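Residues per chain, in single letters:
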Amino acid sequence: MDSSATTMVDPQSIPIDQIDVSDPKLYQEDAHWPLFERLRREDPVHYCADSAYGAYWSVTRYEDIVAVDSNHKIFSAHHAVMLDDGRHSGQTEDATVMLPFLAMDPPEHDKQRKIVTPAMSPANIAKLEATIRRRVQEVLDMLPIGAEFDWVPTVSIELTAQMLATLVNYPLKDRHQLVRWSDVSVGIPGDGVIDSWEQRDQELKLFAQTFLALREERRAAPPTSDLISLLAHSPEAQDMSIQDYISNVILLIVGGNDTTRNSMSGSILALHDHPEEWAKLNANPALIESMVPEIIRFQTPLIYMGRRATQDVELGGKLIRKGDKVAMWYISGNRDSEAIEHADRFIIDRPRPRQHLSFGFGIHRCVGNRLAEMQLRILWEEILKKGWKRIEVTGPVRRAYSNNIRGIVSLPVRIHA
Amino acid sequence: MPKIRFVQQGTEYAVEAPDGISAMEAALNAGVPGIDGDCGGQCACATCHVYVDPAWMPVVGPADADTEQLMIDLNEGVQANSRLACQVQLTDEMNGLLLLVPDAQF
Ligand code: HEM
Ligand code: FES
């Protein structure tokens, strides 16, 4: 798909009805900002009649996004969280169908969500804190001082891979397999991760086989607190189909992987771009608490979530028809200056920093949000203990080709001790 | 101006609040720890979960079954006296109300 046309247009003069914010290239080039600014101002509930994924509505203002996200009866998630319909079902005969509870409506959604919730509760994740902290220390201790290296593989990917292995109790030495599967499951041909849909479907098949075997292993052993053991032993999960089980494992792995990884990378970039905030943080490490949600707002790791209207409904003066696709652009709502003061700036001590859209709202609100916050908090607590003068971004930032995950692929840095 | 009490991890916080605002707003304005209120009171995040002192349940009343209860049910540590503080509108009748705040929101 050649889409360079979209990113070359002048965002101010393009006729409003031609604006299509679904082009992955926009996010790879970080070129989406002026388009959303214009939509929020001129056409906050915006209809795009023709895109690579067909017609869809864009919801771009903070308040409207909260309204859609918290109204699951009218805005259904069923098969609708991605604009690209083909992603759940796969593209070939061999495909592993992915329909996690993220993409379900009540009552089935609630039933499955309740199975994994205990593992993510504040009390349970507190048990992981010491392990995570030790691993963060080990990774930071290895970093070169004064020499350039890429923060993404060395720190962000490494730490999230270890975290995933802990969550599902997977052999630590094989952790990069988990990362590969996560990357593949959200991959699109041409993004540098996969070359074809056939390749994606084949790799995910191996994933499914591996995790079905793991479930049998866990069933044969006494229950522990890892997620696979939970799914293997929970009485409510006994009648879970193979498809549901596999879908939920991939949901937990993807959910916990890219989002946290990119928040880690994004925090380094944000502090490089806002040296005054780095100074504030160094003077007062207690600001980590309000900085963590600000990092997650500023990065907005998931660019949008999709829904489908179950009936005709009016929103922002527009009539959305039953069956229409609707995208809630968190990336836009998080920069809506009507809802958030100086929304374009990264401010680590803003009042009520937790009021952002990055975790979504309503019944699908991110179940891993406390775990993600804990990882970022520990990372920053340990970085500050190092007493480094600064972490400088030394080269060009490379971003992911995706309209779904706001990814940082490469971030060259140098630590000044 | 009802005066209400929050108890979090054994510490009591007495808060005087204008009637009409929610218990979530009252807690945030007074800096009571343990209530996050991430959605700003839209009944969409459940990070303002509190337990109403059972003696006060008749005054405060139950959660709305169609909206608030759905969000409460997805939380951890749910009890019959669970409410979302943003959906509890303070009135003069609630003078002396006692709300127990969980150790951490989810
Ligand atoms: C900064 C990191 C993260 C961000 C920004 C994030 C964002 C999101 C968003 C936007 C949703 C959908 C909300 C909606 O539709 O309203 C979601 C759902 C979900 N997330 Fe996260 N997430 C993060 C970390 C995690 C982690 C660490 C895990 C687990 C290990 C996780 C697991 C899930 C699951 C299972 C759901 C589905 C919830 C449901 O449908 O009920 N997430 N997340
Ligand atoms: S503040 Fe979000 S539900 Fe009460």
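Not measured: the values here are computed from a predicted model.

## Here we look at the environment of A:Pro412
Residues and elements named next belong to chain A.
Then comes step 1: Relative to the assigned elements, Pro412 resides in strand E12 (residues 412-416).
Then comes step 2: Look at Pro412 and you get buried, because its relative accessible area is 14%.
Then comes step 3: Along the chain, Pro412 and Met104 lie 308 residues apart, while their C-alpha atoms are 39 Å from each other.
Then comes step 4: Apart from residues lying up to four places away in sequence, Pro412 is in contact with Glu148, Phe149, Asp150, Glu392, Val393, Thr394, Gly395 and Pro396.

## Here's the deal with the packing of aromatic side chains
All names here are of chain A.
Then comes step 1: Summed over all chains, the structure comprises 11 aromatic pairs over all chains.
Then comes step 2: Ring centres of Phe36 and Trp329 lie 5.5 Å apart, and the angle between their planes is 50 degrees; this geometry places the pair in the tilted category. Of this pair, Phe36 sits in helix H3 (residues 33-42) while Trp329 sits in the loop between strand E8 (325-328) and helix H16 (330-333), placing them 293 residues apart in sequence.
Then comes step 3: On the basis of relative accessible area, Phe36 is assigned to the buried category, the value being 1%.
Then comes step 4: Three or more aromatic residues link up through ring pairs in this structure, and these residues are Tyr27, Phe36, Tyr304 and Trp329.
Then comes step 5: Just above the ring of Tyr245 sits the side chain of Arg215; from NZ or CZ to the centre is 4.2 Å.

## Remarks on the sheet that holds strand E3 (residues 49-52) of chain B
Residues and elements named next belong to chain B.
Then comes step 1: On the basis of which strands lie adjacent, the open sheet formed by five strands has the order E2-E1-E5-E3-E4 and mixed pairing. Every other strand in the sheet has two partners, leaving strand E2 (11-16) and strand E4 (82-84) as the edge strands with one partner each. Averaged over all adjacent pairs, the angle separating strand axes in this sheet is 35 degrees, with direction ignored.
Then comes step 2: Of the strand pairs in this sheet, E3 and strand E5 (residues 98-101) are connected by two bridges, and their pairing is antiparallel. By the bridge assignment, Val52 is partnered in E5 with Leu99.
Then comes step 3: In the packing of helix H1 (residues 23-30) onto the sheet, contacts are made with strand E1 (3-8), E2 and E5, and the angle to E1 comes to roughly 75 degrees.

## Regarding the sheet that holds strand E3 (residues 75-76) of chain A
The pairing of strands in a sheet happens through backbone hydrogen bonds and is either parallel or antiparallel.
Residues and elements named next belong to chain A.
Then comes step 1: The strand order across the open sheet formed by five strands is E1-E2-E8-E5-E3, and the pairing between neighbours is mixed. What marks the edges here is a single partner per strand, and that holds for strand E1 (45-48) and E3.
Then comes step 2: Sheet topology places E1 next to strand E2 (residues 56-59); four bridges connect them, and they run antiparallel. The residue of E2 that forms the bridge with His46 is Ser58.

Scoring rules and cut-offs
- Residues numbered from 1 in each chain as written.
- Chains lettered and ligands numbered in written order.
- Predicted model: local features only at pLDDT ≥ 70, side-chain atom pairs only at ≥ 80, totals over all residues.
- Heavy atoms only, no water.
- Helix = DSSP H or I, 4+ residues; strand = E, 2+ residues; numbered from the N terminus.
- Buried < 20%, exposed > 50% of the residue type's maximum accessible area, 1.4 Å probe, protein only.
- Contact = heavy atoms within 4.5 Å.
- Phe/Tyr/Trp six-rings, centres within 6.5 Å; stacked < 30°, edge-to-face > 60°.
- Lys NZ or Arg CZ within 6 Å of the ring centre and 35° of its normal.
- Pairing = 2+ DSSP bridges.
- Axes fitted to C-alpha atoms, helices over the stretch in contact; angles between N-to-C directions.

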